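Structure assessment
Each chain, letter by letter, is given below.
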Amino acid sequence: MSGHASAENIGHGSPGHAPAPSTHEQPSSFTFDAQSEAEIGRILAKYPEGRQASGVMPLLYLVQDQMRRQTGSAWIPRVAMDAVARRLTMPPIRVYEVATFYLMFNIRPVGRYHLQICTTTPCWLRGSDEVVAACKAVAGVSKFEEMSPDGMFTLTEVECLGACVNAPMMQVNDDYYEDLDGDSTRRLLEALKRGETPPRGPQIDRYNSAPVGGRTTLLGEVGERSADGQPDRHPDTV
Amino acid sequence: MAKVTVDGIQVEVANGSSVLQACEAAGKEIPRFCYHERLSIAGNCRMCLVEIEKAPKPVASCGYPVMDGMVVRTDTEVVRRARRAVMEFLLINHPLDCPICDQGGQCDLQDQAFSYGSDHSRYAESKRAVQDKYLGPLIKTVMTRCIQCTRCVRFASEVAGVPELGATSRGENMEITTYVEKALTSELSGNMIDICPVGALTSKPNAFTARPWELNRTDTIDVLDATGTNIRACARGAEVLSIQPRTNDEVNEEWMSDKGRFSFDGLRRRRLDRPWLRVHGRLQPVSWQDAFVAIARRLEGVRGERIGAIAGDLCDAESMVALKDLMTALGSGNVDCRQDGAQYDTSRREFYTFNTGIAGIEEADALLLVGCNPRHESPVINARIRKRWLAGNFPVGVIASPGPDLTYGVELLGDRPSALTALIEGGAGFTEALKAAKRPMIVVGHAAIAREDGAAVLAAAWALASAVGALTPDWHGFNVLHHAASRVAALDLGFVPRPGSRSVAGMMSGGVDVLWLLGADEIGAGRIGPDTFVIYQGHHGDAGAARADVILPGAAYVEKPGTYVNTEGRVQIAFGAVFPPGEAREDWRILRAFSEVVGHTLPYDDLPAVRRRLAEVNPVFARQGLPRFGASDLSGPAGNPAALGNAAFGNAIHDYYQTNVISRASATMAECSRILVHPVVQAAE
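If you're wondering where the values come from, they're calculated on a predicted model, not measured in any experiment. (Residues numbered from 1 in each chain as written. Chains lettered and ligands numbered in written order. Predicted model: local features only at pLDDT ≥ 70, side-chain atom pairs only at ≥ 80, totals over all residues. Heavy atoms only, no water.)

The next thing to look at is the overall build of chain B. Along chain B, the regular secondary structure elements total 21 helices and 28 strands. Along the longest, intermediate and shortest principal axes, the C-alpha atoms of chain B span 90 × 60 × 60 Å. Counting contacts in chain B only where the partners sit at least 6 residues apart, residues at least 24 apart contribute 71% of the total. In the form shown here, chain B has an accessible surface area of approximately 25,600 Å², with 51% of it arising from carbon and sulfur atoms. Treating the 72 positive side-chain charges of chain B as one cloud and the 80 negative ones as another, the clouds have centres 1 Å apart. (Helix = DSSP H or I, 4+ residues; strand = E, 2+ residues; numbered from the N terminus. Contact = heavy atoms within 4.5 Å. Areas by Shrake-Rupley, 256 points an atom, 1.4 Å probe, with all protein chains shown as cover. Lys, Arg positive; Asp, Glu negative; His and termini not counted. Charge placed at Lys NZ, Arg CZ, Asp CG, Glu CD.)

Structure representation (structure tokens):
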């Protein structure tokens, strides 16, 4: 099955059936860089011979990562989907289907910081409107799906990201920033603009999703054993 | 077998059947959109809901397997309400543009909304709109009408073998698209128009020309390749406005090739609609009588051996038998149908037919293609091979020059006859695959036999078939794939020169004084000697007519009743859908009328008499159907298998869309050729 490479008979549409004009610049080529290549080997080793197409989603993430490294914008141009299809010997359309199905794959360029703001009910009740407003103000955009003029931010409205305990929250690239309000959002974005990477997680005095203001139970001295009888372990990562 | 009760009717269906199939076995109609019996099951339209006893809710019958003792109800209040609800959801985003939709009158959605839907709509909100897609010059899209049954997507990837269509995005935003806005590269793409249950995919060349109820449908046979596809010519008045396949599981299932489907506009262009006579170097319109008299005068005193006749690729058997009888009456044995110079052994029929049968492909378990590109020579047979290949355990070897992707996995064994020798000697690994197979098939194409060593290749292929056990009393694995619709009938009629008579090559360059071309345009008319008097009898002004001294206007295939024999050797009768244009006439009648002028009146006056004559020449023409047969006589065709040449096999077809006078006259085919065969590489977006 070698004939899947696209015959370049693109764009002979009759009037009214013309291809949609692309609203953004598609690069003309894409090749995996050394770092991605190393990663591809690791990913494809997980699948039995002949089932490499299963690796399509990890590879699309890989493309996004490489695009972020190379251009500062984590998105998947069409030529990259073709490259993935070639690598996995699957028809390009099957890659297009996957890439367009999942919202986690950006098929349009995004800003250096992709701000995915949750506006589902718990976050909304806890003030996601303020977060949105702050993002729009700092980024200088008027609506979702828009990229800021300086290319720093793209705002995307997303449904629940599963961090309701720390609502309202948003995801900046791969990291969750939680317990936001208007001010902390503004500070966060300003810091990002300056090129800093503020610590992820809750933006208030709170340990992960532990109660705000410290423990409310198990107030005794932390001994050698915790309440469940196991050696006490304080996770030091999120 | 499982016993299933459907609405009180007990039926027995095979284990693994779907509930829908059981309902059909019980004679119950189940509405459906996404389900198609020749495609995989998607189960996404939900229209086929039925009630099954002990199931808590209605079940989509297309994807639900039967169980013994199952009790199904297809006409309860629950089912009716479920269907109405599904229909209401489908119609939420379907435009109400039936009056301007080409599918109107042949639309599953329209029919089923009428039969199973609600009588009114409760939906007052905005409908979604989808941008139309570009799928090439044959398929017109109105994607807002799409109900996303994904039949076209499944057809493209399963039957056609060109996975270029898909469903992108999701939910409300889901769209059927190629994503890259390029023409589908399938020779079977027109079938998507047939299987689309709504007006999303309609025929671009037919757009806004006719309503289905205005058309007269006539059963006929496609002659643009040698598959013998069963078709239906749909005509309004004197014009054929569309061509659709008929279902025949033995031949084409329900598919047909794009060339056969969309060449019909070529039937209106470049037509020869009156006799012409060359006077002082210029063709002038004349009456039939004058044309006949001019030919008769020229024939006076010409010895039979100086007269020749060549039959083209689109001829019906009736006209060829009449021409052959006429030539015999004139004392000439110079008749030939092999425009491409192919070498056959006509001593036994099995040397030049597709003996395994098209349906037989599904029983084969190994395949070798020799000088053969079925994708272009017969897209429908190629789809059959792909169907077999998808079923698994089907090694396919190819000895041919590199061509397009055949849509199935192949092992390239070489591009010249030496690869065949290697297989016979058993040196190559593929010999083992053929030997291990219980029912191996070898298909020889015309790129292998239309060459100097053609007879040797044919003999070598037979020798290989014999050596690997492809020739047994109950399995005939030797096949010749034709792409000229008239060829097998011509060979059956002995429309080849007797020993001592002239072949096509012998008739060129002044080999004969008078040459009768019956729709023969592919001989390289420039090779005909300058002093040869050429009579062209045919329907299109192409190469043959340009060279002719007399033009006798004949009828194209949809304009005459005719007998055709497909590559399998299956004799099929076609009916005439419309009348030939102007003064053009059925071809055998022209020959019969002319025979009277030269005083050798042919002994038949009507079609039944010609057909009796056909059966007299070769009894196969009286036979109905084509029983499967094995090989009894293992002696091979004439030709020395050792005399193989060393030249690489070429391609029998260089431009799939431009192989005969009809497709060359078709603007649609010209557009396909321009876009798909000779793509202009445009700057990337």
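Looking at the assigned domains, one finds that chain B contains domain 1 (2-90), domain 2 (276-342 + 487-622) and domain 3 (349-483). When each unit is reduced to the centre of its C-alpha atoms, the spacing between domain 1 of chain B and domain 2 of chain B is 56 Å. (Domains from an automatic or database assignment.)

Attention now moves to the nonpolar core. Soluble globular proteins: nonpolar side chains tend toward being buried together. Residue and element names in this part refer to chain B. With 86 residues, the main nonpolar core has Leu368, Trp516 and Leu552 as its most contacted residues. Beyond its immediate sequence surroundings of up to four residues, Leu368 is in contact with Gly397, Val398, Ile399, Leu413, Leu420, Leu423, Phe430, Leu434, Met441, Ile442, Val443 and Leu464. Membership of the second largest hydrophobic core comes to 74 residues, among which are Cys23, Leu49, Cys146 and Ile195. (Core = buried A, V, L, I, M, F, W, Y, C linked by side-chain atoms within 4.5 Å. Buried < 20%, exposed > 50% of the residue type's maximum accessible area, 1.4 Å probe, protein only.)

So, about the packing of aromatic side chains. Given two aromatic rings, one states the distance between the centres and the angle between the planes to describe the pair. Residue and element names in this part refer to chain B. All told, the structure shown has 14 aromatic pairs over all chains when counted by the stated rule. A ring pair is formed by Phe155 and Trp255, whose centres lie 4.9 Å apart and whose planes are at 65 degrees; its orientation type is edge-to-face. Highlighted residues: Phe155 in helix 4 (residues 151-160) and Trp255 in the loop between strand 12 (239-245) and helix 6 (258-262), separated in sequence by 100 residues. Trp255 carries the same exposure label as Phe155, and that label is buried. (Phe/Tyr/Trp six-rings, centres within 6.5 Å; stacked < 30°, edge-to-face > 60°.)

A few words on the sheet that holds strand 24 (residues 514-518) of chain B. Two orientations exist for strands paired in a sheet by backbone hydrogen bonds: parallel and antiparallel. Residue and element names in this part refer to chain B. Strand order in the open sheet formed by seven strands is 14-13-26-25-24-15-16, and the pairing between neighbours is mixed. Where the open sheet ends on each side, the last strands, each with one partner, are strand 14 (282-285) and strand 16 (335-336). Direction of pairing for strand 15 (residues 307-311) relative to strand 24: parallel, over a ladder of five bridges. Among the inter-strand pairings, Ile310 is bridged to a residue of strand 24, identified as Leu517. Sheet strands touched by helix 7 (residues 288-299): strand 13 (276-279), strand 15, strand 24, strand 25 (533-538) and strand 26 (550-553). Its angle to strand 26, the strand with the most contacts, is close to 135 degrees. Where helix 8 (residues 317-329) meets the sheet, it contacts strand 15, strand 16 and strand 24, and its direction lies at approximately 165 degrees from that of strand 24. (Pairing = 2+ DSSP bridges. Axes fitted to C-alpha atoms, helices over the stretch in contact; angles between N-to-C directions.)

A few words now on helix 19 (residues 607-617) of chain B. Residue and element names in this part refer to chain B. Among the residues of helix 19, Leu607, Ala609, Val610 and Leu614 are the ones counted as buried. Here the buried residues of helix 19 occupy an arc of 160 degrees about the axis, which is enough to place them on one side. Helix 19 presents Arg612 and Glu616 as exposed residues on the side facing more than 90 degrees away from its buried surface. Residues of helix 19 that are buried in the fold lie against helix 8, strand 27 (562-565) and helix 18 (587-597). (Arc of directions from axis to C-beta.)

Over the atoms rolls a probe the size of a water molecule, and its path tells where empty space is left. Residue and element names in this part refer to chain B. Applying the stated criterion across every chain yields a total of seven cavities of 30 Å³ or more. One number sums up the size of the largest cavity: a volume of about 120 Å³. Along the walls of the largest cavity sit 18 residues, with Leu314, Cys315, Gly519, His539 and Lys560 positioned nearest its centre. Those elements that place two or more of their residues in the lining of the largest cavity are strand 25 and helix 20 (661-665). (1 Å grid on protein atoms, 1.4 Å probe; cavity = no way out; pocket = protein on both sides within 12 Å on 5 of 7 lines; lining within 4 Å. Points joined across faces, edges and corners; volume = space filled by probe spheres on them.)

Residue and element names in this part refer to chain B. The contact between helix 8 and helix 18 brings their axes to 7 Å, and the two run at 20 degrees. With respect to helix 18, the element helix 8 is oriented roughly parallel. Read as a crossing pair, helix 8 and helix 18 show a hand that is left-handed. Side by side, helix 8 and helix 18 meet where Glu318, Ser319, Ala322, Leu323 and Leu326 of the first sit next to Asp587, Trp588, Leu591, Phe594 and Ser595 of the second. The class makeup of the residues in the contact of helix 8 with helix 18 is six nonpolar, two polar and two charged. (Parallel < 35°, antiparallel > 145°, perpendicular 65-115°, else oblique. Left-handed = near helix turned anticlockwise from the far one by under 90°. Nonpolar A, V, L, I, M, F, W, Y, C, P; charged D, E, K, R; others polar.)

With that out of the way, let us pick up the layout of surface pockets. Residue and element names in this part refer to chain B. Roughly 1,100 Å³ of internal volume is contained in the second largest pocket. In this structure, the second largest pocket is lined by 44 residues; those nearest its centre are Gln103, Gln106, Ile193, Asp194 and Ile195. Sorting the residues of the lining of the second largest pocket by element identifies helix 3 (108-116), helix 5 (190-195), strand 9 (201-203), strand 12 and helix 6 as the ones contributing at least two each. Its residues assigned to classes, the lining of the second largest pocket shows 17 nonpolar, 13 polar and 14 charged.

What follows covers the domain arrangement of chain A. For chain A, the domain assignment lists domain 1 (34-101) and domain 2 (113-202). The C-alpha-based centres of domain 1 of chain A and domain 2 of chain A are spaced at 28 Å.

This part takes up the confidence of the model for chain B. Residues of chain B with pLDDT of at least 70 account for 99%, and the chain-wide mean is 94. Both scores are available for the predicted complex, with the pTM at 0.91 and the ipTM at 0.89. (pLDDT = per-residue confidence, 0-100.)

With that settled, consider the side chain of Thr218 of chain B. Residues and elements named next belong to chain B. Turning to its location among the elements, Thr218 is positioned in strand 10 (residues 216-221). Classification of Thr218 as buried rests on a relative accessible area of 13%. When sequence neighbours within four positions are dropped, the list of residues in contact with Thr218 reads Ile231, Arg232, Ala233, Phe575, Gly576 and Ala577.

What follows covers unusual backbone geometry. Residue and element names in this part refer to chain A. For the bond from Ala167 to Pro168, the omega torsion is -10 degrees, close enough to zero to count as cis. Secondary-structure assignment places Pro168 in the loop between strand 2 (153-158) and strand 3 (170-172). Of note in this structure, Asn173 is not a glycine but carries a positive phi near 50 degrees. Mapped onto the secondary structure, Asn173 falls in the loop between strand 3 and strand 4 (175-178).

Bringing helix 3 of chain B into the picture now. Each full turn of the α-helix corresponds to 3.6 residues, which orients residues three or four apart in the same direction. Residues and elements named next belong to chain B. Looking at helix 3, one finds that the buried residues are Leu109, Gln112 and Tyr116. Projected down its long axis, helix 3 carries its buried residues within an arc of 70 degrees, all on one side. Against helix 2 (77-92) lie the buried residues of helix 3.

Turning to the pattern of salt bridges, a few remarks are in order. Residues and elements named next belong to chain B. On inspection of all chains with the given rule, the structure shows 62 salt bridges over all chains. Across the pair Arg271 and Glu559 runs a salt bridge, and its minimum N-O distance is 2.6 Å. Within this pair, whereas Arg271 is found in the loop between helix 6 and strand 13, its partner Glu559 is found in the loop between strand 26 and strand 27, the two being separated by 288 residues in sequence. A single burial state applies to Arg271 and to Glu559, both of which are buried. With a closest N to O distance of 3.2 Å, Asp316 and Lys560 form a salt bridge. In this pair, Asp316 is assigned in the loop between strand 15 and helix 8 and Lys560 in the loop between strand 26 and strand 27, connecting sequence segments 244 residues apart. Taken as a pair, Asp316 and Lys560 share a single burial class, namely buried. (Salt bridge = Lys/Arg side-chain N within 4 Å of Asp/Glu carboxyl O.)

Turning our attention to the sheet that holds strand 5 (residues 201-202) of chain A. All names here are of chain A. The strand order across the open sheet formed by five strands is 2-1-3-4-5, and the pairing between neighbours is mixed. With partners counted over all chains shown, the strands left at the sheet margins are strand 2 and strand 5, one partner each. Against the sheet, helix 6 (residues 128-139) makes contact with strand 1 (113-118), strand 2 and strand 3, and its axis sits at roughly 155 degrees relative to strand 1, the strand it touches most.

Before going further, it helps to spend a moment on a nonpolar patch on the surface. All names here are of chain A. Residues Tyr61, Leu103 and Met104 make up a contiguous nonpolar surface patch of about 320 Å² in total accessible area. With respect to the element layout, Tyr61 can be found in helix 2 (residues 56-71). In this structure Tyr61 comes out as partly exposed when scored by relative accessible area, which is 36%. (Patch = residues over 30% accessible without salt bridge, like charges linked within 9 Å, V, L, I, M, F, W, Y side chains within 5 Å.)

Our next topic: the confidence of the model for chain A. All names here are of chain A. Averaged over all residues, the pLDDT of chain A equals 85, while 82% of them reach at least 70. Note on residues 1-22: pLDDT is under 50 here. Beyond four places in sequence and across chains, it has 51 contacts. Counted against residues more than four places away or in other chains, residues 229-233, with its pLDDT under 50, gives seven contacts.

All names here are of chain B. On the secondary structure map, Asp521 appears in the loop between strand 24 and strand 25. Buried and without a salt bridge, Asp521 has Arg664 as its closest oppositely charged side chain, separated by 5.4 Å. A polar contact of 3.5 Å, which involves the side chain of Asp521, links it to the backbone nitrogen of Ala543. Dropping the residues within four chain positions of it, Asp521 is found in contact with Gln339, Tyr536, Asp542, Ala543, Gly544, Ala545, Val661 and Arg664. (Polar contact = N/O pair within 3.5 Å; in protein donor to acceptor, adjacent residues only side chain to side chain.)

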